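Report on the structure
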2 protein chains.
Amino acid sequence: MKKIEVIQNVLEANEVIASRNRQLLDKHKVFAINIMSAPGAGKTSLILHTLRKLKDKLRIAVIEGDVASIVDAEKVQSEAKAIVQINTRNMPESCSLMAAMIEAALKGLFLDTLDLLLIENIGNLVCPAEFALGEHKRVVISSLPEGDDKPVKYPLIFIDADAVIINKMDLLSHVDFDIAAFRRSVTGLNPKVEFFQLSCKTGEGVEQWCSWVWEQVKTNTRGR
Amino acid sequence: MKKIEVIQNVLEANEVIASRNRQLLDKHKVFAINIMSAPGAGKTSLILHTLRKLKDKLRIAVIEGDVASIVDAEKVQSEAKAIVQINTRNMPESCSLMAAMIEAALKGLFLDTLDLLLIENIGNLVCPAEFALGEHKRVVISSLPEGDDKPVKYPLIFIDADAVIINKMDLLSHVDFDIAAFRRSVTGLNPKVEFFQLSCKTGEGVEQWCSWVWEQVKTNTRGR
């Protein structure tokens, strides 16, 4: 007897589509990373660094999520092999990318020509935590000026993260941010998480992050 | 014949409750300000400054909105006349305060003993833009490290703001932020908005903000 799938709400529907996206990406051997943060924490800058560092080794596409505008897509377009901008302003959910939006975006990409897909989610620490997109890894950026209490206030997004990046390390002496306390809060929620401390402004620490991305893609491809 | 009210969706339902909240606040002569921003832009710090500056002239209560935790409520409790913490983690909408949450919180306050209600919304530039709470003024804080492109990416929250505060002015020489460009973007969306440039860290500019709040409360009370 065939299993009858009953979708009861928007989150379940999202999971179904996310799982379909993941299968499609796996079939074409594309590794996908969902990059999440508060507004202005440095998602686009991190993507730019990653593109510049890895574009000679990997074929990289970017999906840019924003409520409105194409300013981020314009910033990365010269470095990415392909780019799709999603504006959520008039969508049912404007505060996060959702799996159905990624499904539509994937139709606009030639997946066989790609190794890595970087997805820049909407700048928000609440909604993106709830919606899987079909990604292989979930990354959260926290930047020093936001303060070290973000894991306490927005736990869900940290619980499911594979890696947490502490950005804007160049501002360390100008802001109040207890790195040890922040890391303790995050590992209290999520003991297996990987940490990176870097500055997209100075480039300090970006190398380690890019090495990790490179390793993830290699391991994933070998495992298939 | 009595008017039959038809509520068709969650936004309309929210408007109805917001309008009821506003009537209740007006009846008790309480002036309410809804303070919105991205995570870590300085809502709690601004509320603390406002309490310290105005608590001898005005009886002030605070409603603290957070997805989880009571850390902000703990910070302001010694300065506020009354405080209610709302945690949205398990509510239907966790990414913004909604009018129904404020309605419940107002039941926990003795409104006749208050002049001013400061509402700290969830740290988020998307969802809070959509939900009126019954407030008299809407204030958005942008902090320099977030970058000057936030009005371009999150226009809705700026369109409806009565005042926009540029916080963390102490970091001006350490970050890339074009104040003139930011202000042009905001006034392009919302020509009548008031601007304040301040630093909650050094206290620079806080005086002007507090004077504005004081004027709003006085004008509002006189007009009744």
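As a reminder, the structure under discussion sits directly above these lines.
I will try to describe carefully the structure that is included in this document.

Calculation criteria
Residues numbered from 1 in each chain as written. Chains lettered and ligands numbered in written order. Predicted model: local features only at pLDDT ≥ 70, side-chain atom pairs only at ≥ 80, totals over all residues. Heavy atoms only, no water. Least-squares fit on C-alpha atoms with pLDDT ≥ 70 in both. Contact = heavy atoms within 4.5 Å. Core = buried A, V, L, I, M, F, W, Y, C linked by side-chain atoms within 4.5 Å. Buried < 20%, exposed > 50% of the residue type's maximum accessible area, 1.4 Å probe, protein only. Helix = DSSP H or I, 4+ residues; strand = E, 2+ residues; numbered from the N terminus. Phe/Tyr/Trp six-rings, centres within 6.5 Å; stacked < 30°, edge-to-face > 60°. Lys NZ or Arg CZ within 6 Å of the ring centre and 35° of its normal. Buried area = accessible area lost by both parts, 1.4 Å probe. Salt bridge = Lys/Arg side-chain N within 4 Å of Asp/Glu carboxyl O. Polar contact = N/O pair within 3.5 Å; in protein donor to acceptor, adjacent residues only side chain to side chain. Nonpolar A, V, L, I, M, F, W, Y, C, P; charged D, E, K, R; others polar.

Turning our eyes to something else, we now look at the relation of the copies chain B and chain A. Between chain B and chain A, which share one sequence, the superposing operator has a rotation angle of 180° and an axial displacement of 0.0 Å; the RMSD is 0.0 Å. With respect to symmetry, the two chain copies, as superposed, fit the operation of a two-fold axis. A symmetric contact is evident, with 100% of the interface residues of chain B recurring at the interface of chain A.

Time to look at the nonpolar core. Judged by nonpolar contacts, the single largest core of 52 residues is most densely connected at V164(A), F182(A), V164(B) and F182(B). For this core, the elements supplying multiple residues, two or more each, are α6 (155-159), β6 (163-167) and α7 (179-189) of chain A together with α6 (155-159), β6 (163-167) and α7 (179-189) of chain B. Those residues in contact with V164(A), other than ones at most four positions away along the chain, are V140(A), F158(A), F182(A), V186(A), V193(A), E194(A), F195(A) and F196(A).

A separate point is the environment of A41(A). Residue and element names in this part refer to chain A. Among the secondary structure elements, A41 is positioned in the loop between β1 (31-37) and α2 (43-54). Linking A41 and C200, residues 159 residues apart in sequence, is a C-alpha distance of 9.9 Å. In this view, A41 contacts I141, S143, E146, N167 and K168; residues no more than four positions away in its chain are not counted.

Right, let's talk about the packing of aromatic side chains for a bit. All names here are of chain A. Evaluated as defined, the whole model comprises 10 aromatic pairs over all chains. Relative to F182, the ring of F158 lies with its centre 6.1 Å away and its plane at 80°, an arrangement referred to as edge-to-face. Placement of F158 in helix α6 and of F182 in helix α7 is noted, with a sequence separation of 24 residues between them. On the basis of relative accessible area, F158 is assigned to the buried category, the value being 0%. Given a relative accessible area of 0%, F182 falls into the buried group. On the numbers, 5.7 Å between centres and 80° between planes, the contact of F196 with W209 is edge-to-face. Pair noted here: F196 is in strand β7 (residues 194-197) and W209 is in helix α8 (residues 206-222), with a separation of 13 residues, a long-range link. When sorted by exposure, F196 lands in the same class as W209, which is buried. Lying across the ring of W214, K57 places its NZ or CZ 4.2 Å from the centre.

With that settled, consider unusual backbone geometry. Leave glycine aside and you will find that most residues have negative phi; peptide bonds, for their part, are mostly trans. Residues and elements named next belong to chain A. The residue K29 is not glycine, and still its phi comes out positive at about 55°. Examined against the element boundaries, K29 turns out to sit in the loop between α1 (10-27) and β1. Of the residues examined, K29 reaches a relative accessible area of 45% and is grouped as partly exposed.

We now examine the interface of chain B and chain A. Taken together, the contact pairs 37 residues of chain B with 37 residues of chain A. Summing the contributions of chain B and of chain A, the shared interface buries around 2700 Å²; its carbon and sulfur component is 57%. Three residues stand out in chain B for area buried against chain A, namely P39(B), K153(B) and H174(B), and they jointly supply 22% of the buried area on that side. Where chain B packs against chain A, one counts 4 salt bridges. Two residues, D149(A) and K75(B), come together in a salt bridge whose shortest N-O distance is 3.8 Å. At the boundary of chain B and chain A, one finds 14 residue pairs in polar contact (both at pLDDT 80 or more). Among the residues making up the side of chain B that touches chain A, the classes are represented as 17 nonpolar, 7 polar and 13 charged.

Take it as geometry only, folks, not as evidence of what the structure does.
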